[in-house]
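Here's the letter readout for the chains.
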Amino acid sequence: MQSHYNMNQLSLAIPTYYEPDKNNTAWYINELVEALAINEPYFFGRPREYDLSAMLKLILFAYTRSVFSSRRIEQFAEESLPARWLTQEMKPSYRTIARFRVSADLETLIETSLNKLVDYLRAQHMIDEVTFIDGTKILADANKFSFVWKKNTLRFDEMNREAIIKLMAELKAAQVACHVPADTNLNLEMIDEVVTRLELRLSELETEIAATPKRSPHPAKQTRRTLKSKKKKLIERQAKILEHETQMAIYGDRNSYSKTDHDATFMRVKEDPMLNGQLKPAYNVQLATSNQFITGFGLFQRPSDTRTLIPFLKDQLANGHLGSYIVADAGYGSEANYRFIEDELPEHTALIPYGTMLKENSRKWRSDDKKVMNWDYHALADYYIDPKGVRFNFKTYHRRTDKYGVTRDFKEYQAEKYDENHQLIAAALTLQKNVRKVSVNGSWEYYKAQQCKRLSAPETGKIYAQRKIDVEPVFGRLKAYLHFNRFSVRGLTKVKRETGILVMALNMIKLVAMRANLKFQQ
């Protein structure tokens, strides 16, 4: 057969006709975005105009194909046939893509898309009334050696203020500054006043030197040289105070941040090739899933999952995506979380084990005489008897408040020091000869017993057993399938928008897989 292949031949330019396979992810992305009925165009800078729905389709499809860079998405839009079909041959530049993926328009579209998708999945009975919650740390787009620690800032600020007080004491000897006690809380206004006095004194010295005949050594020149040096040091110290105040404002309630991305916090992540537990700048991504579909997401700067649960549940409740059962692992089990769900969400049931639940069922724990739970408790008279026969009577109530403002109520019990014959009981004393005391948190024990009962019941225990096969595979698809281990934008707002794209891309991948499964079974 003769070949007529010739790229230099003049031909009529006609758009290539192409239609992807019905099981292609592009079809489902097209259906979802078309259901949003977007009519507004996306304007960018110069007199250029792009269809907003086409931009959204391109971004979502690129993320399902592990294409995260704006330049690579631009190349992807030109070389991928399904991408060209979705955009109808539009080829936006990488600058347009970079601005769109972090724009407020995209955030609104992602929220609307996720709400419509969840409603569709619920109508098709693809998700149920169980919400599985878990989190993972994803690296920020920041240098791992750009850390700033709160403890260091506090320490350096204290040293800087001590140096300023010492410097002012030296200036007082020169009758330029007033006396500043050692425990004074310095501020920028006080230092400005001293600098102003220094400038006035230097001006007086300049006049004196100009009016005095030349002589050597000149006392006024020596004084001027000393005061200039002190002024320079004082201004440098003042700048340090301003720098430390700025750093404290960036910290907020965190203990660290990155110089490259101020919103990123240093955390321990699973991507640790050196296996040395080195902290890296990252964000804590929280996901809510049902049947491996993501129904909600949240982005937090706190490394601990415990403190993220309450704000995350509030967001899910406001969106109407929270199921009747709230399932999470032991990292979320705390008294504050249990109390919030019971008081604020009475129609929802928490299936969240506490940290020591498995240990408490072990033989070692049950045979430990130091554990109050292993003592005999007499509820009527409200006292405990330890394995040594020492009786602990109720003494008082007290309340503890942690650094996050969470309060817990305790009942304090004190050992009986003397027996019936008024003889000293040696077992009632500590090694320092003090009377033994124990504190019992009644609310915490109540919530622990409640979770033990729920997780031991066949019905709710079966629901909790689904946790590992529901939420964990989602993180597997995110990191192992899509190979997404690091954000490509900086700042909490922009990172949250990129997370929304990832969430929708993962849902599209799952939807395609489920539809293909159903078709194969039929």
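These numbers were taken from a predicted model, which means no experiment stands behind them. (Residues numbered from 1 in each chain as written. Predicted model: local features only at pLDDT ≥ 70, side-chain atom pairs only at ≥ 80, totals over all residues. Heavy atoms only, no water.)

S.K.: Break down the overall build of the protein for me, with residues and values.
M.R.: Each helix and strand in the protein was counted, giving 18 helices and 15 strands. Taken over C-alpha atoms, the radius of gyration comes to 33 Å for the protein, far larger than the 24 Å a tight globule of 522 residues would show. On the principal axes, the C-alpha backbone points of the protein span a range of 105 × 100 × 40 Å. Buried positions account for 43% of the 522 residues belonging to the protein. Counted over contacts in the protein with a minimum sequence separation of 6, partners at least 24 positions apart contribute 65%. Working note: accessible area of the protein is about 30,100 Å², and carbon and sulfur atoms make up 51% of it. Counting 79 positive and 64 negative side-chain charges, the protein places the averaged centre of each group 7 Å from the other. (Helix = DSSP H or I, 4+ residues; strand = E, 2+ residues; numbered from the N terminus. Rg over C-alpha atoms; globule rule 2.2 N^0.38 Å. Buried < 20%, exposed > 50% of the residue type's maximum accessible area, 1.4 Å probe, protein only. Contact = heavy atoms within 4.5 Å. Areas by Shrake-Rupley, 256 points an atom, 1.4 Å probe, with all protein chains shown as cover. Lys, Arg positive; Asp, Glu negative; His and termini not counted. Charge placed at Lys NZ, Arg CZ, Asp CG, Glu CD.)

S.K.: Describe the packing of helix H8 (residues 188-211) against helix H9 (residues 219-251), with residues and values.
M.R.: Relative to each other, H8 and H9 sit at 160 degrees, their axes nearing to 10 Å. Between H8 and H9, the interaxial angle falls into the category roughly antiparallel. Read as a crossing pair, H8 and H9 show a hand that is left-handed. Per-class residue counts for the contact of H8 with H9 are 14 nonpolar, 2 polar and 10 charged. (Axes fitted to C-alpha atoms, helices over the stretch in contact; angles between N-to-C directions. Parallel < 35°, antiparallel > 145°, perpendicular 65-115°, else oblique. Left-handed = near helix turned anticlockwise from the far one by under 90°. Nonpolar A, V, L, I, M, F, W, Y, C, P; charged D, E, K, R; others polar.)

S.K.: For helix H15 (residues 458-465), give the residues involved together with the corresponding values.
M.R.: Along H15, the residues that are buried comprise Thr460, Gly461 and Ile463. Mapping the buried residues of H15 onto a view down its axis gives an arc of 155 degrees, with all of them on the same face. Structural note: H15 exposes Pro458, Glu459, Lys462 and Ala465 on the side pointing more than 90 degrees away from its buried face. Contacts from the buried residues of H15 go to strand S3 (130-139), strand S9 (325-327), strand S10 (349-351), helix H14 (442-456) and helix H16 (467-470). (Arc of directions from axis to C-beta.)

S.K.: Quick one: what's the story with the pairing of strand S8 (residues 293-300), residue by residue and with numbers?
M.R.: Within S8, 8 of the 8 residues are buried, which leaves the element mostly enclosed by the surrounding structure. The pairing of strand S7 (residues 280-290) with S8 spans 7 bridges and is classified as antiparallel. Pairing of Leu287 across the sheet is with Phe297, part of S8. The loop that links S7 with its antiparallel partner S8 comprises 2 residues; one of these, Asn291, has a positive phi angle of about 55 degrees. (Pairing = 2+ DSSP bridges.)

S.K.: So what about the side chain of Arg467? Which residues, and what values?
M.R.: Position of Arg467 relative to the elements: it lies in helix H16. Residue Arg467 is classed as buried on the basis of its relative accessible area, which comes to 7%. A polar contact is formed between the side chain of Arg467 and the side chain of Asp134, at a distance of 3.5 Å. Apart from the residues lying within four places of it in its own chain, the contact partners of Arg467 are Phe132, Asp134, Val327, Ala328, Asp329 and Glu472. (Polar contact = N/O pair within 3.5 Å; in protein donor to acceptor, adjacent residues only side chain to side chain.)

S.K.: Which residues make up the sheet that holds strand S15 (residues 437-440), and what are the values?
M.R.: Pairing between the strands of a sheet comes from backbone hydrogen bonds, and it takes one of two forms, parallel or antiparallel. Spatial strand order, S11-S12-S13-S14-S15: 5 strands in an open sheet with antiparallel pairing. Either end of the sheet is taken by a strand with one partner, and the two such strands are strand S11 (376-378) and S15. Between one strand and the next, the sheet's axes are offset by a mean angle of 35 degrees, whatever the strand orientation. When strand S14 (residues 407-415) meets S15, the two strands line up antiparallel, connected through 4 bridges. For Lys411, the partnering residue across the bridge sits in S15 and is Val440.

S.K.: For the pattern of salt bridges, give the residues involved together with the corresponding values.
M.R.: Within the structure shown, the criterion is met by 22 salt bridges. Notably, a salt bridge pairs Glu360 with Lys448, separated by 2.9 Å at the nearest N-O pair. In this pair, Glu360 sits in helix H12 (residues 357-360) while Lys448 sits in helix H14, placing the two residues 88 residues apart along the sequence. Each of the two residues, Glu360 as well as Lys448, counts as buried. For Asp382, the salt bridge goes to Lys411, with nearest N and O atoms at 2.9 Å. (Salt bridge = Lys/Arg side-chain N within 4 Å of Asp/Glu carboxyl O.)

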